[in-house]
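Residues per chain are reported as follows:
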Amino acid sequence: DVKVTQSSRYLVKRTGEKVFLECVQDMDHENMFWYRQDPGLGLRLIYFSYDVKMKEKGDIPEGYSVSREKKERFSLILESASTNQTSMYLCASSASRGMSDTQYFGPGTRLTVL
Amino acid sequence: QKEVEQNSGPLSVPEGAIASLNCTYSDRGSQSFFWYRQYSGKSPELIMFIYSNGDKEDGRFTAQLNKASQYVSLLIRDSQPSDSATYLCAVIPGTYKYIFGTGTRLKVLA
């Protein structure tokens, strides 16, 4: 079974803090994704990566950066957390770029910025 | 117009009935379509995907795709209370990036 893990289930940070969210997958997947999920807005793509050290902006990259130094690990960084970044953050990975490219999700990190 | 649209619900059906969940998409070049289930407080999990016109069945679930009408649906036969969840439709519009709908909340009444 594919396993995607995220470093924290719940996180509380203060405005202005630098926040790191870590994601690790154990299935040698090429592609990794970071989403945020908010009520009424659904899942929105922040950044994705299709190879080590490669990254591409998603739909809402402002205020975020990412790092992928190893194939299995994809980190999301909030350089200076703000209250409007309070959300559920979901990491996902997938194996290929084909038509049946299934994304597998981690358990999520619920981040609260005070 | 949103790229992937779903009725937010809730859609309430009695136990044992057929639940019909619908999704429309705007990009005619979309190639692959996915249905995910998400329980409250949990992450999405894949139910099934479809990329050819017509029906695809997997147990109690049937996905239906009509590319001409830009419409994909999910039927759940013999609905159970454990099927109560939010169902997310996702589309790959020609790249490997997913576009998600906002989800339909399904309630199966015992």
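Residues numbered from 1 in each chain as written. Chains lettered and ligands numbered in written order. Predicted model: local features only at pLDDT ≥ 70, side-chain atom pairs only at ≥ 80, totals over all residues. Heavy atoms only, no water.

How would you explain the sheet that holds strand E3 (residues 19-25) of chain A if you had to name every residue and give the values?
Residue and element names in this part refer to chain A. Reading across from one edge, E1-E3-E8-E7 is the order of the 4 strands in this open sheet, with antiparallel pairing throughout. In the strand order of this sheet, the two ends are held by strand E1 (4-6) and strand E7 (64-70), each with one partner. The sheet shows a mean angle of 20° between the axes of neighbouring strands, direction not considered. With 5 bridges joining them, E7 and strand E8 (residues 73-78) adopt antiparallel strand pairing. By the bridge assignment for E8, Ser 65 is matched with Ile 77. (Pairing = 2+ DSSP bridges. Helix = DSSP H or I, 4+ residues; strand = E, 2+ residues; numbered from the N terminus. Axes fitted to C-alpha atoms, helices over the stretch in contact; angles between N-to-C directions.)

How would you sum up the environment of Ser 96 of chain A? Please name residues and give values.
All names here are of chain A. Among the secondary structure elements, Ser 96 is positioned in the loop between strand E9 (87-94) and strand E10 (104-105). Ser 96 sits in the partly exposed class, given a relative accessible area of 35%. For the pair formed by Ser 96 and His 29, sequence separation is 67 residues and the distance between their alpha carbons is 7.4 Å. If sequence neighbours within four positions are ignored, Ser 96 has contacts with Glu 30, Asn 31 and Asp 101. (Buried < 20%, exposed > 50% of the residue type's maximum accessible area, 1.4 Å probe, protein only. Contact = heavy atoms within 4.5 Å.)

With reference to specific residues and values, describe the packing of aromatic side chains.
In total, this model carries 14 aromatic pairs over all chains according to the counting rule given. Measuring from ring centre to ring centre gives 5.5 Å for Tyr 35 of chain A and Phe 100 of chain B, while their planes differ by 90°; the resulting arrangement is edge-to-face. Within this pair, whereas Tyr 35 of chain A is found in strand E4 (residues 31-38), its partner Phe 100 of chain B is found in strand E10 (residues 99-100), the two belonging to separate chains. The class of Phe 100 of chain B is buried, set by a relative accessible area of 9%. Aromatic pair Phe 105 of chain A and Tyr 36 of chain B: ring centres 5.6 Å apart, planes at 90°, arrangement edge-to-face. (Phe/Tyr/Trp six-rings, centres within 6.5 Å; stacked < 30°, edge-to-face > 60°.)

Mind laying out the state of the cysteines, listing which residues take part and the relevant values?
Across all of its chains, the model carries 2 disulfides over all chains by this definition. A sulfur-sulfur separation of 1.8 Å characterises the disulfide bridge that pairs Cys 23 of chain A with Cys 91 of chain A. Torsion about the S-S bond of the Cys 23 of chain A and Cys 91 of chain A cystine: about -75°, corresponding to left-handed handedness. Taken as a pair, Cys 23 of chain A in strand E3 and Cys 91 of chain A in strand E9 lie far apart in primary sequence, 68 residues in all. One exposure class covers both Cys 23 of chain A and Cys 91 of chain A, and it is buried. In this model Cys 23 of chain B forms its disulfide with Cys 89 of chain B; the gap between the sulfur atoms is 2.1 Å. Negative torsions about the S-S bond denote left-handed disulfides, and the value of about -70° found for Cys 23 of chain B with Cys 89 of chain B makes this one left-handed. One end of the pair, Cys 23 of chain B, is in strand E3 (residues 19-25); the other, Cys 89 of chain B, is in strand E9 (residues 85-92), with 66 residues separating them in the sequence. Here Cys 23 of chain B falls in the buried class, since its relative accessible area comes to 1%. (Disulfide = S-S within 2.5 Å.)

Pulling in residues and values, what's your account of the sheet that holds strand E1 (residues 4-5) of chain B?
Residues and elements named next belong to chain B. Pairing in this open sheet of 5 strands is antiparallel, and the strands run E1-E3-E8-E7-E6 from one edge to the other. In this open sheet, the two edge strands, each paired with only one partner strand, are E1 and strand E6 (54-58). Pairing of E3 with strand E8 (residues 71-76) involves 6 bridges; the strand directions are antiparallel. In the strand pairing of E8, Leu 21 is matched with Leu 74.

So what's going on with the interface of chain B and chain A? Which residues, and what values?
Facing the 18 residues of chain B at the interface are 23 residues of chain A. Where chain B abuts chain A, roughly 1800 Å² becomes buried across the two surfaces, and 61% of that area is made up of carbon and sulfur atoms. In this structure, the connection of chain B to chain A is made through 0 salt bridges. If you look at where chain B meets chain A, you find 4 residue pairs in polar contact (both at pLDDT 80 or more). Elements that contribute at least two residues to the side of chain B that touches chain A include exactly strand E4 (32-38), strand E5 (45-50) and E9 of chain B. The leading source of residues in the side of chain B that touches chain A is E4 of chain B, at 4 residues. Class assignment for the residues of the side of chain B that touches chain A results in 11 nonpolar, 6 polar and 1 charged. (Buried area = accessible area lost by both parts, 1.4 Å probe. Salt bridge = Lys/Arg side-chain N within 4 Å of Asp/Glu carboxyl O. Polar contact = N/O pair within 3.5 Å; in protein donor to acceptor, adjacent residues only side chain to side chain. Nonpolar A, V, L, I, M, F, W, Y, C, P; charged D, E, K, R; others polar.)

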